[in-house]
Amino acid sequence: MKHAALVLALVAAACGQPEPQNYDVLPRPPPDDWAQLRVLHVAAGQPSLDVYLRDTTEAVLASLSEGFAQGFIEIAARDYTIDLRLAAASRNSEARASYDLSLASRERATLVIYGDTLFLRFTDDLARVDLGAMRVVNATTTGALSFDFGADGSNEVVDLAAGEVGRATLPDLSPAVVSVLADAGAQ
């Protein structure tokens, strides 16, 4: 079985200290009564998917393949049901999976699709920009993972459970090798 780990949002990837004008790396916050949603497809071995908001006629994200993410889309802040269908399937075809999602005004959320029908949701903090901040996701279905940024033996995120999100701050902004270590039960 292959390990599914995802490293997200290195806020500043440049070497050295960035210039102040480079701090504004996040897209603008959504306006009142709107939210931003990003979808990541990390379900190993699963086909490409179309993402629908229930009761819409067009996919909001089309042909999202394994290992890929779509940038943030802006939609009204309210409750939704997300339906996943095989890419290019009819809008009337049966959904492979569904997820109920509530988005608050001015929220930025990320929905991770992993496993056959497993979803993980987390919210991005629009008020923070931390240089060198990394977000990691254990997108396995079983077993904990540890993440070592720099491959120096000092795990910055330890025993992150399956389906959980972690955060680490790199000691500097130099390019780093990431090692992912599975516990004995990980698949």
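Quantities reported herein were computed from a predicted structural model and do not represent experimental measurements.

(A) Inspection of the overall build of the protein at higher detail. The number of helices and strands found in the protein is zero helices and 15 strands. Out of the 187 residues belonging to the protein, those deemed buried represent 38%. For the protein, contacts bridging at least 24 residues in sequence account for 64% of all contacts bridging at least 6. In the form shown here, the protein has an accessible surface area of approximately 9800 Å², with 50% of it arising from carbon and sulfur atoms.

(B) View of the sheet that holds strand S7 (residues 79-86). Here four strands make up an open sheet; going across it, the order is S4-S3-S7-S8 and the pairing antiparallel. This sheet does not close on itself; its edge strands, each paired only once, are strand S4 (61-64) and strand S8 (97-102). Strand after strand, the sheet turns through a mean of 25° between neighbouring axes, direction not considered.

(C) Region of the structure containing the pattern of salt bridges. A full pass over the atoms with the stated rule returns two salt bridges. Ionic pairing is found between Arg106 and Asp32, a salt bridge with its closest N-O pair at 4.0 Å. Placement of the pair is Arg106 in the loop between S8 and strand S9 (108-114) and Asp32 in the loop between strand S1 (5-8) and strand S2 (34-41), with a sequence separation of 74 residues. One salt bridge connects Asp83 with Arg54, and the closest N-O pair in it is separated by 2.8 Å.

(D) Here's a closer look at unusual backbone geometry. If you check the backbone angles, Ser63 has positive phi at about 55° while not being a glycine. Among the structural elements, Ser63 can be located in strand S4. Overall, Ser63 belongs to the partly exposed group, its relative accessible area being 44%. Here Arg106, not a glycine, exhibits a phi torsion of approximately 70°, which is positive.

(E) Examining empty space enclosed by the protein more closely. Considering all chains together, one arrives at one cavity of 30 Å³ or more under this definition. By volume, the largest cavity amounts to about 60 Å³. Along its surface, the largest cavity is lined by His41, Ala43, Gln46, Leu49, Leu84, Arg96, Ala97, Ile113, Gly115 and Asp116. Looking at the lining of the largest cavity residue by residue, the classes come out as five nonpolar, three polar and two charged.

(F) Seen up close, the nonpolar core. Formed by 20 residues in total, the largest nonpolar core has its most connected members in Leu37, Val39, Val51, Ile75, Ile82, Leu84 and Leu103. Excluding residues within four positions of it along the chain, Val39 makes contact with Val51, Leu61, Leu64, Phe68, Ala69, Gln70, Leu111 and Ile113. Core analysis: the second largest hydrophobic core is formed by nine residues, Leu145, Phe147, Val157 and Ala168 among them.

(G) Fine view of the pairing of strand S3 (residues 49-53). For S3, a buried count of five out of five residues is recorded, marking the element as mostly surrounded by other parts of the structure. Residues Leu49, Val51 and Leu53 of S3 are buried on one face, and the alternating residues Asp50 and Tyr52, pointing to the opposite face, are buried as well. Sheet topology note: the S3/S4 ladder contains two bridges and is antiparallel. Bridge pairing links Leu49 to Leu64 in S4. When S3 meets S7, the two strands line up antiparallel, connected through five bridges.

(H) Region of interest: the packing of aromatic side chains. The final tally for this structure, using the stated rule, is one aromatic pair. Stacked on the ring of Tyr52, the Lys or Arg Arg85 has its end atom at 4.9 Å from the ring centre. Arg108 extends its terminal NZ or CZ atom over the ring of Phe72, reaching a point 5.0 Å from the ring centre.

Rules used throughout
Residues numbered from 1 in each chain as written. Predicted model: local features only at pLDDT ≥ 70, side-chain atom pairs only at ≥ 80, totals over all residues. Heavy atoms only, no water. Helix = DSSP H or I, 4+ residues; strand = E, 2+ residues; numbered from the N terminus. Buried < 20%, exposed > 50% of the residue type's maximum accessible area, 1.4 Å probe, protein only. Contact = heavy atoms within 4.5 Å. Areas by Shrake-Rupley, 256 points an atom, 1.4 Å probe, with all protein chains shown as cover. Pairing = 2+ DSSP bridges. Axes fitted to C-alpha atoms, helices over the stretch in contact; angles between N-to-C directions. Salt bridge = Lys/Arg side-chain N within 4 Å of Asp/Glu carboxyl O. 1 Å grid on protein atoms, 1.4 Å probe; cavity = no way out; pocket = protein on both sides within 12 Å on 5 of 7 lines; lining within 4 Å. Points joined across faces, edges and corners; volume = space filled by probe spheres on them. Nonpolar A, V, L, I, M, F, W, Y, C, P; charged D, E, K, R; others polar. Core = buried A, V, L, I, M, F, W, Y, C linked by side-chain atoms within 4.5 Å. Phe/Tyr/Trp six-rings, centres within 6.5 Å; stacked < 30°, edge-to-face > 60°. Lys NZ or Arg CZ within 6 Å of the ring centre and 35° of its normal.

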